[in-house]
There are 2 protein chains.
Amino acid sequence: MRPEIRTWKLTEKPFNPTHLFHSETIFTIGNGYLGSRATFEEGYPDEIAATLLHGIFNHHEQDLVPDLANVPAWFAVQITVDGEPFRLNEGRILGYVRELDMKNGILSRQVLWQSPGGKILRFTFERFASMADQHILAQQIEITALDEVQVLDCVLDFNTETALNIAYTAEGPVLVSHWKNASITYPAPDQSGWQGETTQSGYRVGILQQVSGADFRATESSNRPGNRFQVSLKPEQRVTVTRLVGIATSRDTKALSPFLEEKLGQAVEKGYNTLKTEHCAAWAAIWEDMDILIEGDEYVQKAARFAAYQLIIAAPQKDERVSIGAKTLSGPGYKGHVFWDTELFMLPPFTLTQPGIARNLLMYRYHNLPGARKKAKDEGFLGAMYPWESTDTGEETTPKWTLPDKHGNRIRIWTGDHEQHISSDIAYAVWQYWKWTGDNEFFVKHGAEMILDTAVFWYSRVEWNAKKQRYELSEQIGPDEYHENINNPVYTNRMVVWHLQHAFKTLNWLRTNLPEKAQALQSTLHITDEVQAKWQDIIAKMYIPRYEPLNVYEQFDGFFDKDEVNLALYTPRVTAMDVILGHQRTNASQVIKQADVVMMIALLGDELGDHEELMRNWRVYVPRTAHGSSLSQAMHAWAAARLGLVEEAYEHWVDAAGIDLEDTKGNVRDGIHGAANGGLYQALIFGFAGLQLDEKGGWKVDPRLPAWWKSMTFSFYYRGEKQTVTLKS
Amino acid sequence: MRPEIRTWKLTEKPFNPTHLFHSETIFTIGNGYLGSRATFEEGYPDEIAATLLHGIFNHHEQDLVPDLANVPAWFAVQITVDGEPFRLNEGRILGYVRELDMKNGILSRQVLWQSPGGKILRFTFERFASMADQHILAQQIEITALDEVQVLDCVLDFNTETALNIAYTAEGPVLVSHWKNASITYPAPDQSGWQGETTQSGYRVGILQQVSGADFRATESSNRPGNRFQVSLKPEQRVTVTRLVGIATSRDTKALSPFLEEKLGQAVEKGYNTLKTEHCAAWAAIWEDMDILIEGDEYVQKAARFAAYQLIIAAPQKDERVSIGAKTLSGPGYKGHVFWDTELFMLPPFTLTQPGIARNLLMYRYHNLPGARKKAKDEGFLGAMYPWESTDTGEETTPKWTLPDKHGNRIRIWTGDHEQHISSDIAYAVWQYWKWTGDNEFFVKHGAEMILDTAVFWYSRVEWNAKKQRYELSEQIGPDEYHENINNPVYTNRMVVWHLQHAFKTLNWLRTNLPEKAQALQSTLHITDEVQAKWQDIIAKMYIPRYEPLNVYEQFDGFFDKDEVNLALYTPRVTAMDVILGHQRTNASQVIKQADVVMMIALLGDELGDHEELMRNWRVYVPRTAHGSSLSQAMHAWAAARLGLVEEAYEHWVDAAGIDLEDTKGNVRDGIHGAANGGLYQALIFGFAGLQLDEKGGWKVDPRLPAWWKSMTFSFYYRGEKQTVTLKS
């Protein structure tokens with residue numbers, strides 16, 4: 001496979017059962033409406049099967065928090081060969097290759113298999129979630145007998161047995177079903193359908209399939225609806241069947257069944273090949289905008305495509321009431337919850353290349369302002385205080401406790417209470433979106449309100465330290481989550497200043513351009529003169545912690561009084577430092593999960609200080625950073641590139657790419673690290689290429705490419721116009 | 001790690017116990033005198049530890065054939081941390097990385113480990129087999145405590161427990177020791193030694209170590225000689241110890257102990273760092289000649305270096321009585337036996353880049369002429385008939401039977417009887433060496449005799465078919481080993497013609513340049529007028545099988561009467577086709593292990609036919625070729641490149657590279673596929689670059705580079721002068 005092709009593919013060959021969890025996740029397919037993990041059609045012991053749909057959250061009574069309800073696997077197949085089931089843990093695998101074609105969003109697998117009884121067959125499976133019509137899923141299966149098979153029995157069904165979720169109960173994790181009122185239908189011998197309703201939230205989800213290519217009849221099975229055929233095969237004889245599936249939810253339509261029938265009918269009329277052609281064309285159009293071409297570095301080329309692929313398949317193309325969870329739609333981790341990972345890591349690539357998607361993601365936050373206002377109110381504040389973890393309601397859904405350990409001990413999770421910087425992160429994303437897209441309509445109608453109402457929250461939140469004559473924030477968690485409930489995290493405090501400055505910029509722009517809108521917002525959000533005066537005062541007197549002995553920003557109050565740990569000795573390291581040292585010892589140390597200051601260098605750049613100041617901070621914080629968060633390394637790559645530390649930037653970038661591609665943290669089984677992938681994309685564009693808005697208007701680049709990159713080409717939209725840049729090193 | 005660096009490294013990260021067999025092999029280090037598999041210093045369950053020395057064959061009484069006697073692991077370490085042994089299958093691995101630096105021939109490993117009792121320590125191991133002095137091995141170990149350790153106990157010893165081999169007994173494989181009269185010495189508290197003698201062949205091997213960096217004393221253990229230290233460590237305290245080892249055999253010296261003492265003494269005087277510097281310098285000099293630089297294709301760049309690395313570490317720099325076994329010195333497969341793999345696959349890269357090594361390898365065959373003559377005589381022939389499998393005696397050492405299967409059934413192995421083309425393969429390698437190097441001294445003294453005496457063998461071997469008025473060969477095995485005991489394998493028959501033509505060229509050159517040498521050889525080898533007349537007749541009348549319906553060469557008599565199998569349906573495939581179909585069905589089919597004809601296209605090129613003829617043959621044979629041999633794909637790459645089928649050539653090359661790098665055949669645990677690596681090197685130079693001797697004198701290139709290769713640069717020696725070629729695509 002030539003580099004041009006192999007940088008578009010993930011390939012798994014030969015079969016390696018110990019890698020399956022990793023592969024199940026990274027080979028996930030999706031279309032921004034749903035994601036399906038790459039579990040096998042026929043199943044495998046201990047697999048983590050998941051098909052997750054945006055927005056279908058449900059709070060199971062046994063669980064601490066809502067979860068994305070896992071839908072039955074739509075691609076399931078039960079095959080028996082002369083009475084023996086085809087499964088890779090039985091019989092003998094004579095050959096195996098699985099491939100994810102990232103260019104076209106198609107997952108395929110070829111298996112040469114010998115049954116325990118000695119019959120050799122060749123299987124090929126191909127499936128995709130149509131990017132051209134998000135309600136259509138398609139699968140093609142080819143089975144070739146190499147020995148005579150008396151009875152090949154195939155059932156193409158919906159695997160309802162996999163539609164389970166893990167609930168965090170006080171007793172530990174248990175498997176639960178989020179479904180009730182399931183109904184099964186067999187409209188025709190070659191059709192079958194399943195519908196279910198989520199137990200608490202009451203969403204209905206329906207899937208309806210039509211199969212073709214053999215003499216199908218409905219299955220008798222009552223809980224796994226599907227269609228079956230039986231056939232005898234002579235040596236070298238082949239059977240090819242296709243399955244087209246319509247999928248929709250009560251979020252899409254009130255008339256679920258007719259909608260599904262219509263969608264499926266259109267798909268059947270087109271047929272598998274046409275659907276595939278349209279699907280590939282839709283992907284081609286996306287890559288036209290999003291692909292970053294890097295000559296001279298195969299690994300980075302492939303990893304860049306992987307990062308973009310994982311973002312694309314999780315990004316809602318048409319839905320402004322959902323957002324991308326921390327683990328995208330690729331696994332059970334974090335239960336589909338949305339964190340700052342979206343706005344600061346995953347969203348900016350779309351702001352640049354697919355502004356419609358970025359707008360959807362921001363609109364999700366706009367629609368959830370009521371939840372944010374409720375949170376502020378519940379905690380005794382004004383304005384809008386976004387939840388640390390967000391689902392469909394916009395309410396705070398961070399669990400309060402970890403799962404119990406083997407001794408039954410649970411740890412209190414404070415992020416939902418104290419990781420308050422997320423409100424400014426969202427404001428930052430809104431501002432960035434507006435500046436790049438020039439989407440005034442969005443800004444006026446939605447964005448300004450988000451920036452301002454979260455600014456009102458800060459007005460009510462900051463604390464005046466009369467003795468020191470400054471504003472402060474106590475009981476906080478910054479990006480460095482190894483230190484909880486600390487005071488004055490430098491990132492949060494500094495972003496509050498940035499936020500309020502931009503609240504004024506927002507107000508001033510509105511006053512100039514749409515005074516009545518300014519007036520209306522001031523009125524509804526209660527942005528009184530007193531509020532504005534205090535904003536000014538906060539901007540002037542917000543405490544930005546400094547540590548004078550080193551002349552650097554201080555991570556938070558008292559950080560440098562903590563124990564020093566020589567992190568260089570804790571290498572190589574897969575296990576996170578807080579696990580190695582334990583919670584308490586980590587908290588008492590200068591070991592940080594990810595550096596607040598490096599995050600600030602990436603986001604604020606020159607605003608934060610001159611080169612010497614930033615370099616001083618870099619040199620202090622990098623040796624103290626354990627990269628315990630998958631968000632950390634890509635930001636380091638970005639910041640290092642801006643500081644001109646190209647080799648360091650490169651190492652951080654490659655390390656960040658390894659999180660998913662090489663499973664270097666060992667936790668990819670739970671899902672893709674969405675923020676790491678968004679960070680990789682940003683590190684390329686904002687870090688290495690140095691793309692930024694020009695103060696004088698327009699944009700500029702300031703490339704810091706590794707010497708061995710022959711060229712880097714990327715596109716983005718500036719105020720609706722597509723720009724394409726080629727940089728040579 | 002930037003491409004420039006990562007194409008020089010193999011990296012294993014994180015720890016994956018299911019990959020250990022693969023890694024143990026591909027991370028092997030060596031210096032052409034010995035090879036040491038990359039098993040862990042501290043051992044691991046079920047590991048295949050092996051340190052193999054060229055030439056130290058022994059025929060164990062329980063075994064069918066001689067084997068390379070496995071020497072005690074010289075790098076073994078037993079570490080206990082407050083009484084708990086450091087082993088990766090115990091405690092907890094917090095981090096792990098293993099790296100083979102192919103540029104410098106250094107293996108290193110870093111482990112962050114927590115003992116079952118909770119103590120965290122960091123270990124780094126580094127070892128190399130000196131390329132500057134083949135009798136010196138070196139190791140450095142660094143242990144850093146991250147928690148307080150009361151007693152760190154370390155024993156640096158020779159692991160005599162790993163010095164076992166697998167014997168092929170009638171009852172199945174058993175572990176046996178090839179050693180007797182083992183002696184253990186402790187010359188000083190920081191020194192220890194082991195010597196042993198092989199049970200049948202009587203070789204003595206000695207290893208002597210000196211350790212430093214701690215307060216060492218001799219171990220008490222009677223069967224694992226070594227040196228021990230104990231130390232207490234505070235957190236962040238480190239201990240660094242080095243071990244220098246002298247190794248030699250009775251093949252090197254009669255005075256083994258003084259020799260070892262002198263070698264070790266010199267090494268100790270230099271110290272670890274100087275030894276490492278000299279070692280790296282020796283590697284640099286080799287790469288100066290052997291590295292093929294390919295811009296625009298990282299995978300090929302890395303795989304090319306891997307292929308060369310594996311050849312280099314197994315190639316005898318100073319010993320003309322040993323050769324490279326099929327699995328090099330990297331594992332137990334084929335017991336170190338030497339096949340045609342050496343002369344046609346592994347040797348030509350050295351002919352071009354390290355002619356001294358090529359000469360050593362050919363001299364091994366020269367010194368073994370007596371064995372070849374004995375084989376000819378035993379089988380009723382004249383001249384020299386090289387054994388199919390060769391060890392130190394030059395006698396045939398192919399086992400007659402396979403190991404019994406689970407039912408106790410054994411299959412007769414016929415290759416030792418019938419795979420007779422090896423004598424011509426050796427003649428081909430001699431001729432090629434002479435033509436490229438112009439080493440007349442070798443040719444006159446040794447090479448000519450090898451070509452001529454094997455030609456005498458063919459004189460006595462070919463069979464006259466009076467009815468058809470042609471010479472034939474019956475009961476043969478060609479490169480396609482799926483068909484045994486067939487008649488007229490086209491490769492063998494055609495190579496006999498080539499061989500006899502070059503026997504005449506040899507004679508004629510000698511007659512012109514050294515008539516008395518020609519006379520002497522004719523006399524001693526009995527090359528009478530009658531012999532020469534028959535040679536001429538064979539050249540004219542040797543039957544080269546053709547299949548007229550397709551107008552192609554015929555693999556062997558009656559090949560196209562056999563059953564056709566659609567190999568395209570047996571994909572993807574890891575298991576070999578003869579295993580899938582079974583021995584008998586394979587034999588009855590047109591499925592070939594590797595194509596005789598493609599091998600001929602690679603070796604003979606235009607001599608074999610015009611482009612149309614070769615293309616016709618290619619199109620017939622490639623679909624019938626199952627690549628059941630690791631030798632096959634690289635030859636296909638070479639031939640395809642010469643036919644202008646660059647994309648096909650590329651795919652074959654990458655597939656051949658995957659055999660070791662990706663373990664695509666699943667058998668790397670038994671050792672490196674030496675021939676595949678030699679073939680990869682040749683496919684680059686002779687295939688893609690099209691290097692060949694010019695009939696008018698000198699050399700020429702005829703590049704067929706993949707379009708995405710920016711450039712290819714390589715060096716070689718032509719008649720003693722270094723040539724460097726850069727090709728651009």
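What counts and what doesn't
- Residues numbered from 1 in each chain as written.
- Chains lettered and ligands numbered in written order.
- Predicted model: local features only at pLDDT ≥ 70, side-chain atom pairs only at ≥ 80, totals over all residues.
- Heavy atoms only, no water.
- Contact = heavy atoms within 4.5 Å.
- Buried area = accessible area lost by both parts, 1.4 Å probe.
- Salt bridge = Lys/Arg side-chain N within 4 Å of Asp/Glu carboxyl O.
- Polar contact = N/O pair within 3.5 Å; in protein donor to acceptor, adjacent residues only side chain to side chain.
- Helix = DSSP H or I, 4+ residues; strand = E, 2+ residues; numbered from the N terminus.
- Nonpolar A, V, L, I, M, F, W, Y, C, P; charged D, E, K, R; others polar.
- Domains from an automatic or database assignment.
- Core = buried A, V, L, I, M, F, W, Y, C linked by side-chain atoms within 4.5 Å.
- Buried < 20%, exposed > 50% of the residue type's maximum accessible area, 1.4 Å probe, protein only.
- pLDDT = per-residue confidence, 0-100.
- Phe/Tyr/Trp six-rings, centres within 6.5 Å; stacked < 30°, edge-to-face > 60°.
- Lys NZ or Arg CZ within 6 Å of the ring centre and 35° of its normal.
- Axes fitted to C-alpha atoms, helices over the stretch in contact; angles between N-to-C directions.
- Parallel < 35°, antiparallel > 145°, perpendicular 65-115°, else oblique.
- Left-handed = near helix turned anticlockwise from the far one by under 90°.
- Least-squares fit on C-alpha atoms with pLDDT ≥ 70 in both.
- Pairing = 2+ DSSP bridges.
- Expected span 1.5 Å × (residues − 1).

Tallying the contact residues gives 52 residues for chain B and 51 residues for chain A. It is Arg2(B), Leu569(B) and Pro572(B) that lose the most area in chain B upon contact with chain A, and together they represent 16% of the buried surface on that side. The interface formed by chain B and chain A contains six salt bridges. Notably, a salt bridge pairs Asp297(B) with Arg6(A), separated by 2.4 Å at the nearest N-O pair. Where chain B meets chain A, there are 19 residue pairs in polar contact (both at pLDDT 80 or more). Looking at the side of chain B that touches chain A, the elements with two or more residues in it are helix 1 (3-6), strand 8 (92-101), strand 9 (106-114), strand 10 (120-129), helix 4 (298-314), helix 14 (577-581) and helix 19 (646-661) of chain B. Residue contributions to the side of chain B that touches chain A peak at six residues, all from strand 8 of chain B. Grouping the amino acids of the side of chain B that touches chain A by side-chain chemistry returns 24 nonpolar, eleven polar and 17 charged.

Here we come to the domain arrangement of chain A. Residue and element names in this part refer to chain A. Parsing chain A into structural domains produces domain 1 (3-256) and domain 2 (368-544). Each of domain 1 and domain 2 has a C-alpha centre, and these two points are 42 Å apart. Here domain 1 meets domain 2 over a buried area of about 830 Å², counting both sides, of which 73% is carbon and sulfur. Contact with domain 2 buries area across many residues of domain 1, yet Phe-57, Leu-64 and Val-65 alone supply 45% of it, more than any other trio. Run the count over domain 1 and domain 2 and you get zero salt bridges. Grouping the amino acids of the side of domain 1 that touches domain 2 by side-chain chemistry returns eight nonpolar, three polar and one charged.

A few words on the nonpolar core. Core analysis: the largest hydrophobic core is formed by 195 residues, its most contacted members being Trp340(B), Trp535(B), Trp653(B), Leu684(B), Trp709(B), Met712(B) and Phe714(B). The residues that make up this core include at least three from each of domain 1 (3-256) and domain 2 (368-544) of chain B. Beyond its immediate chain neighbours, meaning those up to four positions away, Trp709(B) contacts Ile294(B), Glu295(B), Asp297(B), Val300(B), Tyr650(B), Leu684(B), Phe688(B) and Ser729(B). If you look at the next biggest cluster of nonpolar residues, it comprises 194 residues, including Tyr299(A), Tyr471(A), Val552(A) and Leu705(A).

Moving on, we come to the confidence of the model for chain A. The pLDDT averaged across chain A works out to 97; a share of 100% of its residues lies at or above 70. For this predicted complex, the interface score ipTM comes out at 0.93, while the overall pTM is 0.96.

In this section: the packing of aromatic side chains. Evaluation of the coordinates by the stated rule reveals 92 aromatic pairs over all chains. Ring geometry for Trp74(A) against Phe75(A): centres 5.3 Å apart, planes inclined by 85°, an arrangement best described as edge-to-face. Given the relative accessible area of 1%, Trp74(A) is considered buried. By relative accessible area, Phe75(A) is classed as buried at 2%. Residues Phe216(B) and Phe229(B) carry aromatic rings whose centres are separated by 5.1 Å and whose planes lie at 80° to one another, so their mutual orientation is edge-to-face. Taken as a pair, Phe216(B) in the loop between strand 17 (204-212) and strand 18 (217-218) and Phe229(B) in strand 19 (residues 226-233) lie far apart in primary sequence, 13 residues in all. Phe229(B) matches Phe216(B) in its accessibility class, with the two residues each being buried. Taken together, the aromatic side chains of Tyr334(A), Phe339(A), Trp340(A), Phe345(A), Trp388(A) and Tyr491(A) make up a single cluster linked through ring pairs. The ring of Phe75(A) carries the charged tip of Arg127(A) above its face, separated from the ring centre by 3.6 Å. Above the ring of Trp414(B), the side-chain terminus of Arg412(B) is found at 4.1 Å from the ring centroid.

All names here are of chain B. For Thr-398, the location among the structural elements is in the loop between helix 7 (369-378) and helix 8 (415-418). A distance of 3.3 Å separates a polar side-chain atom of Thr-398 from the backbone nitrogen of Glu-389. In this structure the side chain of Thr-398 is engaged in a polar contact, spanning 2.3 Å, whose partner is the side chain of Glu-396. Once residues lying within four places of it in the same chain are set aside, the contact partners of Thr-398 are Val-65, Trp-388, Glu-389, Ile-413, Thr-415 and Gly-416.

Looking now at the packing of helix 9 (residues 422-437) of chain A against helix 11 (residues 490-513) of chain A. Residue and element names in this part refer to chain A. Relative to each other, helix 9 and helix 11 sit at 45°, their axes nearing to 9 Å. In this view, helix 9 runs oblique relative to helix 11, as classed from their interaxial angle. Note that helix 9 runs across helix 11; the crossing there is left-handed. Contacts from Ser-423, Ser-424, Asp-425, Ala-427, Tyr-428, Trp-431 and Trp-434 of helix 9 reach helix 11 at Tyr-491, Met-495, Val-496, Trp-498, His-499, His-502, Lys-505, Thr-506 and Trp-509. Grouping the amino acids of the contact of helix 9 with helix 11 by side-chain chemistry returns nine nonpolar, five polar and two charged.

The linkage connecting Thr571(A) with the following residue, Pro572(A), adopts the cis geometry, with an omega of -10°. Its location among the elements puts Pro572(A) in the loop between strand 25 (552-553) and helix 14 (577-581). With omega at -5°, the peptide bond leading from Lys13(B) into Pro14(B) counts as cis. Its place among the elements puts Pro14(B) in the loop between strand 1 (9-12) and helix 2 (20-26). Positive phi, normally seen in glycine, also occurs at Glu236(A), with a value near 70°. Position of Glu236(A) among the secondary structure elements: in the loop between strand 19 (226-233) and strand 20 (238-249). A positive phi is found at Asp663(B), a non-glycine position, where the angle reads about 55°. Since its relative accessible area comes to 14%, Asp663(B) is described here as buried.

Attention now moves to the relation of the copies chain B and chain A. Note on the copies: chain B fits chain A at an RMSD of 0.0 Å, the axial shift is 0.0 Å, and the rotation between them is 180°. Within this description, the copies of the chain are treated as partners about a two-fold rotation axis.

Moving on, we get to the pairing of strand 10 (residues 120-129) of chain A. Residues and elements named next belong to chain A. Taken across its ten residues, strand 10 has ten buried, putting it largely inside the fold. Along strand 10, one buried face is formed by Ile-120, Arg-122, Thr-124, Glu-126 and Phe-128 and the opposite face, lined by Leu-121, Phe-123, Phe-125, Arg-127 and Ala-129, is buried too. Relative to strand 10, strand 9 (residues 106-114) runs antiparallel, the two sharing eight bridges. Across the sheet, residue Arg-109 finds its bridge partner in strand 10, namely Phe-125. Taking the residues between adjacent antiparallel strands as the criterion, strand 9 and strand 10 are bridged by five residues, where Gly-118 takes a positive phi near 100°. Looking at chain direction, strand 10 and strand 11 (residues 136-145) are connected through nine bridges and run antiparallel.

Residues and elements named next belong to chain A. The strand order across the open sheet formed by nine strands is 1-8-9-10-11-20-17-16-15, and the pairing between neighbours is antiparallel. Looking at strand neighbours, the two that pair on one side only are strand 1 (9-12) and strand 15 (179-188), the edges of this open sheet. Across this sheet, the average inter-strand angle for adjacent strands is 15°, counted without regard to direction. Of the strand pairs in this sheet, strand 16 (residues 191-198) and strand 17 (residues 204-212) are connected by seven bridges, and their pairing is antiparallel. Bridge pairing links Gly-193 to Leu-208 in strand 17.

Moving on to helix 6 (residues 355-367) of chain A. Residue and element names in this part refer to chain A. Between the first and last C-alpha of helix 6 there are 18 Å, a value that for 13 residues agrees with the 18 Å anticipated at 1.5 Å per step. Buried residues dominate helix 6, accounting for ten of its 13 residues. Every buried residue of helix 6 is accounted for by Ile-357, Ala-358, Arg-359, Asn-360, Leu-361, Leu-362, Met-363, Tyr-364, Arg-365 and Tyr-366. Where helix 6 is buried, its residues meet helix 5 (340-353), helix 7 (369-378), helix 9 and helix 10 (440-461).

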